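Here is how the chains run, residue by residue.
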Amino acid sequence: MFRNVIVRIPSARISEGITSANLGKPIYKNALKQHSEYVAALAKTGVNVTVLEPQDDYPDSCFVEDVALCTRECVIITRPGANTRRGEASLGDMQEALKKFYKNIEYIQDPGTVEAGDIMMVGDHFYIGLSARTNQEGAQQTIKILQKYGLSGSIVHLSEVLHLKTGLSYIENNNLLVAGEFKTKSEFAKFHRIEIPDNESYSANCIWVNDFVIVPKGYKAVYEKVSALGYKVLEVDTSEFRKIDGGLSCLSLRF
Ligand code: CIR
């Protein structure tokens, strides 16, 4: 169960966010609207939502998931691999917000890099994707910190996606949404895998929050498959964030 969520309002410079998509630039006004709908959906799940102010020095800063790994025992402040995002992890308001909830605060140190979009929590175990943003050193530091608190971590090699959770979401009860390269990875064979068709692979990034699953609006397969499993499904339009490679999980810290 999650009690708390932290989000950050998109920056007026969101159109300058890093992207590999070819979908045009996000429209700031629309991004603000979609973000407020996202917050409203989260509020329906019963969590307490902390909303941080925009940070215009960081066009990607609404993707707060990447700057911290929240566990039941500690929070790990990451060290983002993207140069333009590195400073997001040390923003004072984020650190203050996390201090209200956590007494155990750990940090990824240079030369480690980690973006927590590469980390998927399954109970007390954390799968850590090695990507262009999260390096071996960062992953090893993360595992060491997790072990200190009685938690565990393991490394997953990625080849196609930006972040691990770009193509994978654990929605509890052994159910795992999988797209692309994750359909066949042996480390995930033990889960009940729900395959997302290639033409809707963006929708593999969903979030489970207290018996609800929030899915991106406009993707039929994920809506039907997740509903059929008995979850309460909420749809949120994330089309502006998709233009800069962002999805539902990226927009919040949940703990
Ligand atoms: C970036 O490239 O860093 C952002 N434009 C998108 C970050 C998405 N975050 C995530 O998948 N956790």
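Note: the structure precedes this text.
These remarks concern the structure in this document. Being a predicted model, the structure only gives us computed values, none of them experimental.

Rules and cut-offs
Residues numbered from 1 in each chain as written. Predicted model: local features only at pLDDT ≥ 70, side-chain atom pairs only at ≥ 80, totals over all residues. Heavy atoms only, no water. Helix = DSSP H or I, 4+ residues; strand = E, 2+ residues; numbered from the N terminus. Rg over C-alpha atoms; globule rule 2.2 N^0.38 Å. Buried < 20%, exposed > 50% of the residue type's maximum accessible area, 1.4 Å probe, protein only. Contact = heavy atoms within 4.5 Å. Salt bridge = Lys/Arg side-chain N within 4 Å of Asp/Glu carboxyl O. Pairing = 2+ DSSP bridges. Axes fitted to C-alpha atoms, helices over the stretch in contact; angles between N-to-C directions. Near = heavy atom within 4 Å. Polar contact = N/O pair within 3.5 Å; in protein donor to acceptor, adjacent residues only side chain to side chain. Areas by Shrake-Rupley, 256 points an atom, 1.4 Å probe, with all protein chains shown as cover. Phe/Tyr/Trp six-rings, centres within 6.5 Å; stacked < 30°, edge-to-face > 60°.

### Here we look at the overall build of the chain
Here comes step 1: In terms of helices and strands, the chain carries 5 helices and 15 strands.
Here comes step 2: Over its C-alpha trace the chain gives a radius of gyration of 17 Å, about what one expects of a compact globule, namely 18 Å for 255 residues.
Here comes step 3: In terms of overall dimensions, the chain has a C-alpha envelope of 45 × 40 × 35 Å along the principal axes.
Here comes step 4: Counting every position in the chain, which comprises 255 residues, the buried fraction comes to 56%.
Here comes step 5: Pairs at least 24 residues apart make up 68% of the contacts formed inside the chain by residues separated by at least 6 positions.

### Quick word on the pattern of salt bridges
Side chains that differ in sign of charge can pair as their charged atoms come close.
Here comes step 1: If you walk through the whole model with that rule in mind, you get 17 salt bridges.
Here comes step 2: A salt bridge links Lys-148 to Glu-106, with the shortest nitrogen-to-oxygen separation between them at 2.7 Å. With Lys-148 in helix H3 (residues 136–148) and Glu-106 in strand E5 (residues 105–107), this residue pair connects regions lying 42 residues apart in the sequence.
Here comes step 3: Using a relative accessible area of 58% as the deciding quantity, one classes Lys-148 as exposed.
Here comes step 4: Via salt bridges that share partners, Glu-65, Lys-165 and Arg-254 belong to a single interconnected network.

### Some thoughts on the side chain of Ser-11
Here comes step 1: Of note, Ser-11 is situated in the loop between strand E1 (4–8) and helix H1 (28–44).
Here comes step 2: Not counting the four nearest positions on each side in its chain, Ser-11 is found in contact with Tyr-28, Pro-54, Gln-55, Asp-56, Tyr-58 and Pro-59.

### Focus: the sheet that holds strand E4 (residues 75–77)
Here comes step 1: Spatially, 3 strands are ordered E3-E4-E5 in an open sheet, and the strand pairing comes out mixed. The sheet terminates laterally at strand E3 (68–70) and E5, the two strands that pair on one side only. Strand-to-strand, the axes of this sheet are offset by a mean angle of 20°, without reference to chain direction.
Here comes step 2: Across 3 bridges, E4 lies against E5 in parallel orientation. Bridge pairing in E5 links Ile-77 to Tyr-107.
Here comes step 3: Lying over the sheet, helix H2 (residues 92–101) contacts E3, E4 and E5, oriented at roughly 165° with respect to E4.
Here comes step 4: Sitting on the sheet, H3 touches E3, E4 and E5, and the angle it makes with E5 is about 160°.

### Looking at the site of the ligand
Here comes step 1: As a matter of local geometry, the ligand sits amid 13 residues, with Ile-18, Asp-60, His-163, Ile-244 and Cys-250 nearest to it.
Here comes step 2: In this structure, Asp-60 approaches the ligand through a side-chain N or O atom, which is 2.8 Å from a nitrogen atom.
Here comes step 3: In the model, an oxygen atom of the ligand is placed 2.9 Å from a nitrogen or oxygen of the Arg-85 side chain.
Here comes step 4: Burial of the ligand by the protein chains amounts to 99% of its free accessible area of 350 Å².

### A closer look at the packing of aromatic side chains
Here comes step 1: Under the counting rule described, the total for this entry stands at 10 aromatic pairs.
Here comes step 2: Taking the centre distance of 6.2 Å and the plane angle of 80° together, the rings of Phe-63 and Phe-241 count as edge-to-face. Of this pair, Phe-63 sits in the loop between strand E2 (48–52) and E3 while Phe-241 is found in helix H5 (residues 239–242), placing the two residues 178 residues apart along the sequence. Side by side, Phe-63 and Phe-241 carry an identical accessibility label, which is buried.
Here comes step 3: Ring geometry for Phe-182 against Phe-188: centres 6.2 Å apart, planes inclined by 70°, an arrangement best described as edge-to-face.

### Some remarks on the environment of Asn-30
Here comes step 1: Among the structural elements, Asn-30 can be located in helix H1.
Here comes step 2: For the pair Asn-30 and Thr-238, spaced 208 residues apart in sequence, the C-alpha to C-alpha distance is 9.7 Å.

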